[in-house]
Amino acid sequence: MTSAGAPERSGTTRGGGTLYRGDLGMWSWVAHRITGVLTFFFLFTHVLDTALVRVSPNAYDSVIETYKNPVVNLFEVGLVGAVLYHALNGIRVMLVDFWEKGAKYQRVMLWTVLAIWIVVMIPGFYFMMERTISDLVGGH
């Protein structure tokens, strides 16, 4: 027991931080926050580059041209994946918080979120990358 009366957990250290060996719920929490931050930075960048059209249309065109790049296309796929996960997991979090049986079914709901994410992302990846891959290998 610690001085506060809570049992000491194995795998933790005092003074040097803790090593959390969390379950799936903890990792979904971490992923939710990371995808939220990534979405925020995308929106911030999007507002800035869109505002550029009023300052200098030529600079705006130049910035938009740099986005027509296979690496940026891959980042766009990542962005869609992040936004989709964040939205689906946000619904799950609301259900856990506001549905009286939410905590009981939170693990099932997480697996459902992940399944829906995969089902949507597989064709999404294909359709988003189809033109880029075709251009890279010499298609039309």
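The following paragraphs examine the structure supplied in this document. (Residues numbered from 1 in each chain as written. Predicted model: local features only at pLDDT ≥ 70, side-chain atom pairs only at ≥ 80, totals over all residues. Heavy atoms only, no water.)

1. Structural notes on the overall build of the protein chain
Here's step 1: A count of helical and extended segments in the protein chain gives 4 helices and 0 strands.
Here's step 2: Put simply, the protein chain runs from its N terminus to its C terminus through helices and strands in the order α-α-α-α.
Here's step 3: The proportion of buried residues among the 140 residues of the protein chain is 17%.
Here's step 4: Total accessible area computed for the protein chain in this model is approximately 10,600 Å², and 69% of it derives from carbon and sulfur atoms. (Helix = DSSP H or I, 4+ residues; strand = E, 2+ residues; numbered from the N terminus. Buried < 20%, exposed > 50% of the residue type's maximum accessible area, 1.4 Å probe, protein only. Areas by Shrake-Rupley, 256 points an atom, 1.4 Å probe, with all protein chains shown as cover.)

2. A look at the packing of helix H1 (residues 24–55) against helix H4 (residues 106–136)
Here's step 1: At their nearest, the axes of H1 and H4 sit 10 Å apart, and the two run at 50° to each other. Taken as axis vectors, H1 and H4 run oblique relative to one another. In this structure, H1 meets H4 at a crossing whose hand is left-handed. Residues Leu24, Gly25 and Ser28 of H1 touch H4, and the partners they reach there are Arg107, Leu110 and Trp111.
Here's step 2: Considering only residue class, the contact of H1 with H4 consists of 3 nonpolar, 2 polar and 1 charged. (Axes fitted to C-alpha atoms, helices over the stretch in contact; angles between N-to-C directions. Parallel < 35°, antiparallel > 145°, perpendicular 65-115°, else oblique. Left-handed = near helix turned anticlockwise from the far one by under 90°. Contact = heavy atoms within 4.5 Å. Nonpolar A, V, L, I, M, F, W, Y, C, P; charged D, E, K, R; others polar.)

3. Some thoughts on the packing of H1 against helix H3 (residues 70–98)
Here's step 1: Relative orientation of the contacting elements H1 and H3 amounts to 130°, with a least axis distance of 9 Å. Here H1 lies oblique to H3, going by the angle between them. H1 and H3 meet at a crossing whose hand is left-handed. Of the residues in H3, those in contact with Ser28, Ala31, His32, Thr35, Gly36, Thr39 and Phe42 of H1 are Leu79, Ala82, Val83, Tyr85, His86, Asn89, Gly90 and Arg92.
Here's step 2: Broken down by class, the residue content of the contact of H1 with H3 amounts to 6 nonpolar, 8 polar and 1 charged.

4. Section: the packing of aromatic side chains
Here's step 1: Counted by the stated rule, this structure contains 4 aromatic pairs.
Here's step 2: Ring geometry for Phe40 and Phe44: centres 6.3 Å apart, planes at 20°, overall stacked. Of this pair, Phe40 and Phe44 both sit in helix H1, separated by 4 residues, roughly a single helical turn.
Here's step 3: Ring centres of Tyr126 and Phe127 lie 5.1 Å apart, and the angle between their planes is 80°; on these two criteria the pair is classed as edge-to-face.
Here's step 4: For Tyr126, a relative accessible area of 47% puts it in the partly exposed group.
Here's step 5: Judged by its relative accessible area of 57%, Phe127 falls in the exposed class.
Here's step 6: The rings of Phe40, Phe41 and Phe44 are connected pair by pair, giving a single aromatic cluster. (Phe/Tyr/Trp six-rings, centres within 6.5 Å; stacked < 30°, edge-to-face > 60°.)

Shape descriptors only; they carry no functional weight alone.
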